[in-house]
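Descriptive analysis of the structure
Chain by chain, the residues:
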Amino acid sequence: MSRYIATRAIRGANALVTEAEYMLAKALAEKGPDTPVAFPNTAYYLPVIYGMTGIAVQKLGDLKPVLRHARSLLHPLPAPRHWTPYLGETLDCGMATLLAAEAIEAIRFVYGLQPEPMPGFRLAGGTAFTSPDAGDGREATDGHLNGPIDDIQLRSWGIQLVDGRMPGFAAIVGCAKSNEVAVEIVRQLQRRNILTFLSGNVNGRSIIHQLIEEGVELGYDTYTVPFGTDTISAIYALGFATRSALTFGGLKPGQAREILLYNRERVFAFVLALGEVDDLKYAAAAGAINFGFPVIADTVIPEILPTGITRYEHVVSMPWNEIEGKDDREKAERLVQKCIEVRGVKVKVVDVPVPVPYGSAFEGEVVRKADMRVEFGGKYSRAFEYLRMVDMDEVVDGKVELVGPDFDHIPPQGHMDMGIVVEVAGRQMQKDFEPVLERQIHYFINGASGVQHIGQRDIAWIRISKAAADKGFRLEHLGKILHARFKNDFGAIVDKVQVTIYTDPEPFHYWLAKAREAYDYRNRRLADLTDEKVEEFYSCTLCQSFAPNHVCIVSPERLGLCGAYNWLDCKASFSINPTGPNQPIKLGRLLDPVKGYWEGTNEYARIGSHGAVEKVAMYSIMENPMTACGCFECIVMLIPEANGVMVVSREDPSMTPAGMTFSTLAGIAGGGLQTPGVMGVGKYYLLSPKFIAADGGFKRVVWMSSFLKETMVAELKAVAEREGDPDLIERIADERYVTTVDELLVWLEEHNHPALTMPPIF
Amino acid sequence: MPVEILKETWTGAVQIVTLGATPAEGGTRGRTVTVGGERTLPFLHFEAPMPHRPALAVEIKDRRPDDWSPVLLRAWGDVVDDPGAWAQAAAAAGADLILLALSLTDADGRPTTPAAAVAAVRKVLSACSLPLAVFGPGQADADNELLVAVAEATKGERLLLGICEDKNYRTIVATALANGHLVNARTPMDVNLAKQLNILITDMGMPLDRIIMDPTTGAVGYGFEYGYSVMERLRLAALQGDRMTQLPMLVTPGFEAWKTKEAKVGNGVPAAWGDWEARAINWETLTALGLLEAGADILVLRHPESVRRLRLAIEGLMKG
Amino acid sequence: MALTGIQIYKLLPQTNCKDCGFPTCLAFAMKLAAKQVELSACPHVSESAKAQLAESAAPPVRLVTVRSDGAEVKVGNEVVLFRHEKTFYNRPGLIVRVGDDLAPSALEAKVAAADAYRVTYVGIDLGIDGFAVESVKGDPAAFAAAVQAVRRHSRKPLVLTAPSASVLGAGLEMLGAGETPLLGVATADNWRDMAGLAQKAKSPLIVRGNTLDELATLTGQIKDMGVEDMVLDPAVRDFAGHLTLSTLIRRLALKKNFRPLGYPLIAFPAAAGDPAVELMLAAQAILKYAGFVVIDHFAPEAVYPLLVLRQNIYTDPQKPIQVQPGLYEINNPKPEDPVLVTTNFSITYFSVANEVEGSGLPAWLVVADAEGMSVLTAWAAGKFDAERIAKDVKRFGVADRVSRRRLVIPGHVAVLSGELEGELPDWEIRVGPREAVDLPRYMREALMN
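The paragraphs below set out a description of the structure included in this document. Note that the structure is predicted; figures quoted are calculated from it, not measured. (Residues numbered from 1 in each chain as written. Chains lettered and ligands numbered in written order. Predicted model: local features only at pLDDT ≥ 70, side-chain atom pairs only at ≥ 80, totals over all residues. Heavy atoms only, no water.)

**As for the overall build of chain B**
This is how the line gets drawn: We count a stretch as a helix when DSSP gives it H or I for four or more residues in a row; a strand needs E for two or more, and each element gets its number in order from the N terminus. The reference for a compact globule is 2.2 Å times residues^0.38; the radius of gyration itself is calculated from the C-alpha atoms. For each residue, the accessible area found with a 1.4 Å probe, counting protein chains only, is set against the maximum for its type, and the residue is called buried under 20%, exposed over 50%, and partly exposed in between. The Shrake-Rupley method, run with a 1.4 Å probe sphere, supplies the accessible areas, and residue values consider only the shown protein chains as cover.
From N to C terminus, chain B includes 11 helices and 10 strands. Over its C-alpha trace chain B gives a radius of gyration of 19 Å, about what one expects of a compact globule, namely 20 Å for 320 residues. By its C-alpha atoms, chain B is 70 × 55 × 35 Å across when sized along the principal axes. When burial is assessed residue by residue, chain B has 65% of its 320 residues classed as buried. Total accessible area computed for chain B in this model is approximately 10200 Å², and 52% of it derives from carbon and sulfur atoms.

If you want it as structure tokens, here you go:
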């Protein structure tokens, strides 16, 4: 915590509490302690006071204990020579400021000074100050600013904030650099559906004046509400926040801590301080930080970057003059973007902005050569796609740039080289998610009518139909699609997305090389990612609707038995959907490194299987093998006579040496029951060094469907070499030569299979 | 030969949930309905008493339904033209609570307005003192628009609002939170999806004693066994202590049974199907009875005779 | 702790002789571990192995078979309390009761109607499984006459019940040599005679006890007389009583391997009197562990839902009910009406068929052979791809029935549209909604041109 900020906030708080005390004393003398005190049309009394202290202020006299409490929260200024932590003190002073500010506004109501008079001004919808049902409310909206939000509006907006239709609210305090800037900032907020509250001034000039001068309509109807032209009126924003917690959080008055936490976790609000920040603004900002609302200033002020009370930074300075941008609009956009980032507001893109129909119904469309306008990749050209994670500051959200020419100069049914580079940034983004997200490009692009996407990485192949091109579909639209879809579908981990499309040969080749480096890095990373190197595996309960007691445990070296989910996929899935089917399993104590028992996996197996399974051995088929649902790619089964196991794939309908076909075996292997000697697996698990490692590993495989041999030639060869027997695959029988145990034994003898001389498997 | 009475001991219990609020509790209902609290599988009284008997809800509509079987319309008669009268008839037929299902459109095909929905709810509330559940037409936008208006107009009644689904629950939960109502969390016959939705709803701050879960079901012959097993599994998980499955269950055998061909169609069906009306009612009865045995806490029925029969079954099952 | 398949395998001869009916000793061992076969199926197992395998040697609920000349009902062999844990294997026999006090013409009419009863559900023919002939009068001649009357109209397996062995014997004599009806009822008063008769007739015997203690004592005594096949009647007729005792009996059998109660149950819901209550009690018996359900009132509108309920509950949760693949007509479609495609998973089929039927819009529905999986599952498993759909469209001769070759595929498999265009080049492929519930709207809005 900056000592500078602490000093100024504490000073501001002291001054405001003193002022409130003075005003109260005067009011008590002039009006008497029994004079009623209330904000209009609310059942929550003075809401911040009611929420934080539980005191239902109904008359002037009730304010006395409130201000006593505020005074007790004040702290002396930090000593100039001592650099101690001031966070607690500053937050307390912030809270004192809020209580005092609300008391002051309440007293002003008694004197008729609130809502703040503004002759000639008309609200575009606002709080009714008589009764909500009285008349047409016209008089109620004339000649004054809005003051506090009433309960009816609170419920209407509150629901939208809670259900996500409204991403959050901005409390703007002060005065923008110019009227134009004020308008731009408000427009940027409105464009994102962010509710905006206005208050405060700099040297008497408020953003409210600026907007009125520019003819911007203010009021409920425009989601931009003018509270008052002084800083004190910003208290209404926190009254709104407090009431949200009481209304939608089911919280009770006086549950101060819970109310503050509720706001921090669920109300995506921030303070945007425009212009010079004085003591009172610092004090009020400290109050807002209590709610988890960060403060972003457009002037130079000390920053408080470490996170703690707020989700991310507490105070961020973004001096207007230093913001990049060619005009006020761009600067305003950057500033608002920063606010959104700092608070972690998630803004969705409603529609995918492309000139062709878009939706999953078009995913399967094929663009035939005859209908094609242009293609990228395939036989005659090259296309690649590369998604990488970069720092927040390196991405301009929504920016789509084409470097090089579009395809207009290409003859019909022609081709050209093209690279798509997607740069994403997000507070929750991890480098490991790059490939998971990159794979989505295929689905996202395919959703556009008249666009076909095949392949991935540097073998991507995209076709655009003549019809789509005629409707105006161009390369930039690929970027727009990706931006919209990544923001919408992966908003949990991606905050900003920027897409650059390269057709200019020089940068194209530069980025192709970079992409290949990344692919290579990812391949090595995957190979390098072993079970020993992680602290958690992931569960997968996607299939429990078929096999209620089955749980997949997915580790870096053992992918899900359906073959569809590896460890990284699960990890990403968990980040995107924390209540979903993939949950982390903390490994805890390692009980047996050979068979693969951990405390954590055993416990999870027990809970996840609802008690049906007590333990699971990650690396054995003979003892407590992992259960299976029914969607396994292969079945591994013990062949006792051969001292080994066979592997039959789903594609193989033939008889196996176990005397059963795949479908008969599936009845034994599936259903979530633990049957030692039988196991359903994903085919890539066969290649893992951990494949039935406890039972002797891959060398135990005596028979394997030829389908597997043929579809994984190179991979199996590598396994054979790893096992120290380059001819191992040739020694393994398959259905073309062997379908009974007797034939198998003859084969194994003839081919000198190592299983015959291995120790007994049981 | 002495036989050991093998008792299961469970660590978990089903959440107790009360629907409706009396004037003393901030509502206007003549009585409330409390469900849940089971500490063992349905009706195994020798292991643990069943503190609250399952409740029977009768489904009514805000106007004469377009697509209901003539058998049903005959059974109710003219009351289907007036939700208030219908609610009274349902109460007379033995309902413990009323479920008002709002129509998507009015009789002329215009979208139901929030004002019309509120008016229908008010009619029911003033005509009948039983606790009330109000379900939207089942389309996200319409549900949200109508239920928010209904929730605000009936603050404090502890209505059961539905339908919350994974794609659309936030608005309904928010308005239920703000207005002191309960929500019905519906998921498509899947234990994990049910849990997940319960987690999401409680994450919004909805207390567990204001959530009913609706695991959905199929009528006999139309996926009944899926719903049945999902309910058995949910209840077992609840008793084993899994907090997010410990909610009372509401199911809609009436809705499911009466949309089957067996219930809807009288002519041109095989003779082996037997008498239309009796068959239709049997279909609803057996679907409901099966779900009762699987752990249903609230059965939503449509035909008065089914209500009578299920009442007999529940009485029989509660005699421990 | 039960033995695993591998542990059992070690005790078997390991000759893969197949005499047990399984391809290998290991496969047999695994079935044994799952309590789905009896050890006695292996003729070569050693005595010492038998001793060690005693625990695993027999299913906890004995398999009981009731035979007539040409038909049989098998019940028991159940291994779980809840169907999702594995499956319920042997559907309970649905038996229609007739008493010898019925007027002969009424009796014969009832039997004839019930015997002839057939109803089709998802392509499966269902009917009742047999008749229970009860001696109400206690008169051997009347009973024998009733049995004869039943046999005049039905070849189905029988349950014969009489208060005494002598009366029962008179009825039994009316049956052919190959028949093993279910006899009863043995009680604490008559069990010796009853057991003697059952033993002689090599027939299963219903044993009734007023308490579980009494029941267990009786089965022990009767077993000692050489009767192995028994069916339990815990003598409760009300909802709560039946539920409690049938649950306890199944639990004891499964969890404690308690042999004296390790037999199938029989339920008599008719005792309630009210046919509506009888129906519900019968349904409860089907859900909760009965091996035989004896109903009094035979009416198609009651038997049909009971049979379907039984079919549902005894479906293997991992092998969903399938619908016969083919071209289905909904609401009398004309050649120009749209062709929809779905899979032959029963629930998928029903959802689609119900929605379209309910909408009143005519359509052709191609139910493709996706091995009984739902759309997404089948697609993921490669059982619902363009090639298969195209094959079935051709196989069912859809093109000959329609004038407009326009095929609507489920939205979930939109990805197949391109390939399908390749497979069915003269068809227009349209992508429909993802959920069946949105079909009517789609058909009204998107297909009306």
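**Considering the environment of B:D67**
Residue and element names in this part refer to chain B. Looking at the secondary structure, you find D67 in the loop between β3 (55-61) and α1 (70-76). You can call D67 exposed: its relative accessible area is 52%. Along the chain, D67 and A120 lie 53 residues apart, while their C-alpha atoms are 19 Å from each other.

**Focus on the layout of surface pockets**
Test applied: Cavity and pocket criteria rest on a 1 Å grid covering protein atoms alone: a 1.4 Å probe that fits but cannot get out defines a cavity, protein on both sides within 12 Å along at least 5 of 7 lines defines an open pocket, and an atom within 4 Å of a point defines a lining residue. Grid points are joined across faces, edges and corners, and a volume is the space filled by probe spheres set on the points. Gly is placed with the polar residues, together with every amino acid not listed as nonpolar (Ala, Val, Leu, Ile, Met, Phe, Trp, Tyr, Cys and Pro) or charged (Asp, Glu, Lys and Arg).
Considered as a void within the structure, the second largest pocket measures approximately 570 Å³ in volume. Surrounding the second largest pocket, 24 residues form its lining, B:Y222, B:K261, B:W273, C:Y349 and C:F350 being those nearest its centre. Residue assignment for the lining of the second largest pocket shows that the elements contributing at least two residues are α9 (261-264) of chain B together with β4 (119-121), β13 (326-330) and α12 (346-359) of chain C. No other element matches α12(C), which puts 5 residues into the lining of the second largest pocket. Tallied by class, residues from the lining of the second largest pocket come to 14 nonpolar, 6 polar and 4 charged.

**Describing the packing of aromatic side chains**
Residues and elements named next belong to chain A. Where we set the bar: Any Phe, Tyr or Trp ring, taking Trp's six-membered ring, that has another such ring centre within 6.5 Å forms a pair; planes under 30 degrees apart are called stacked, those over 60 apart edge-to-face, and the others tilted.
Summed over all chains, the structure comprises 43 aromatic pairs over all chains. A centroid spacing of 5.6 Å and a plane angle of 85° characterise the contact between F227 and Y236, whose relative ring orientation is edge-to-face. Residue F227 is classed as buried on the basis of its relative accessible area, which comes to 0%. Measuring from centroid to centroid gives 6.3 Å for Y538 and F574, while their planes differ by 45°, and the two rings are tilted. Here Y538, found in strand β17 (residues 536-540), pairs with F574, found in helix α17 (residues 567-576); they are 36 residues apart in sequence, far enough to count as distant. Taking the relative accessible area as the measure of exposure, Y538 reaches 2% and is therefore buried.

**So, the interface of chain B and chain C**
Our working definition: Contacts: residue pairs with any heavy atoms within 4.5 Å of one another. Once two parts are put together, the accessible area they lose, assessed with a 1.4 Å probe and summed over both, is termed the buried area. Note on definitions: salt bridges are taken to be side-chain nitrogens of Lys or Arg within 4 Å of carboxyl oxygens of Asp or Glu.
Facing the 54 residues of chain B at the interface are 53 residues of chain C. When chain B packs against chain C, the two sides together hide about 4500 Å² of surface, and 66% of this comes from carbon and sulfur. When the buried surface of chain B facing chain C is broken down by residue, B:M1, B:L6 and B:L286 rank first, second and third, together holding 14% of it. C:R251 is paired through a salt bridge with B:E47; the nearest N and O atoms lie 2.4 Å apart.

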